[in-house]
Amino acid sequence: MGIIRKTQSITILLNEFADDTVAIAATELAKRLKTQLNKTTIYRLLSKLEDDGIVHSFLDRNGTKWYAKCTGCTTAKHADIHPHFQCTDCGKVDCLSIEIPIPNIPNRKVTISQMLLQGKCEHCLAQSSD
């Protein structure tokens with residue numbers, strides 16, 4: 001981890017990521033924390049945490065940037081390449097702990113890959129079967 005000082009602002013922001021698999025939209029973080037941190041500080045800290053390998057980001061179907069906790073990442077390399085799932089009913093987004101191999105492409109080097117799977121989450125699926 002590249003964070004040297006765990007400031008109150010960083011602690012407040014990291015507390016939002018208590019559930020390791022759930023992702024949070026940057027806009028949602030700004031709403032949740034508006035009484036504690038200003039929007040500029042939130043975005044600056046998210047960028048720093050991503051650079052430090054603490055969180056990773058990805059885009060949803062609408063182009064909204066989401067963040068989730070990293071697993072095994074460092075400042076030098078993000079190692080948690082995995083798909084994300086977005087519920088088309090409730091909008092919940094989470095990290096999936098499954099591996100989907102990234103193919104080797106001739107004459108290319110893939111450095112970043114994002115995969116977003118969409119459908120109904122377990123909660124919405126259970127509600128629709130009632």
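What this report covers is the structure whose coordinates are included nearby. As the structure is a computational prediction, the values presented were derived from the model and not from experiment.

**Let's talk about the packing of helix α1 (residues 8–15) against helix α3 (residues 39–51)**
Where α1 contacts α3, the two axes come as close as 11 Å, and the packing angle between them is 80°. Relative to α3, α1 is oriented roughly perpendicular. Where α1 abuts α3, its residues S9, I10, L13 and L14 lie against I42, L45, L46 and L49. Class assignment of the residues belonging to the contact of α1 with α3 gives a composition of seven nonpolar, one polar and no charged.

**Quick look at the pattern of salt bridges**
Evaluated as defined, the whole model comprises six salt bridges. Among the ionic pairs, D52 bridges to K48, the shortest N-O distance being 2.8 Å. For K48, a relative accessible area of 38% corresponds to the partly exposed category. One continuous salt-bridge network, built from bridges that share partners, spans E16, E28 and R32.

**Quick look at the sheet that holds strand β2 (residues 55–59)**
The strand order β1-β3-β2 describes an open sheet built from three strands, whose pairing is antiparallel. Every other strand in the sheet has two partners, leaving β1 (24–25) and β2 as the edge strands with one partner each. Here β2 runs beside strand β3 (residues 65–69); their pairing, made up of five bridges, is antiparallel. Paired with F58 across the bridge in β3 is W66. On the sheet, α3 packs against β2 and β3 and is oriented at approximately 110° with respect to β2.

Thresholds applied
- Residues numbered from 1 in each chain as written.
- Predicted model: local features only at pLDDT ≥ 70, side-chain atom pairs only at ≥ 80, totals over all residues.
- Heavy atoms only, no water.
- Axes fitted to C-alpha atoms, helices over the stretch in contact; angles between N-to-C directions.
- Helix = DSSP H or I, 4+ residues; strand = E, 2+ residues; numbered from the N terminus.
- Parallel < 35°, antiparallel > 145°, perpendicular 65-115°, else oblique.
- Contact = heavy atoms within 4.5 Å.
- Nonpolar A, V, L, I, M, F, W, Y, C, P; charged D, E, K, R; others polar.
- Salt bridge = Lys/Arg side-chain N within 4 Å of Asp/Glu carboxyl O.
- Buried < 20%, exposed > 50% of the residue type's maximum accessible area, 1.4 Å probe, protein only.
- Pairing = 2+ DSSP bridges.

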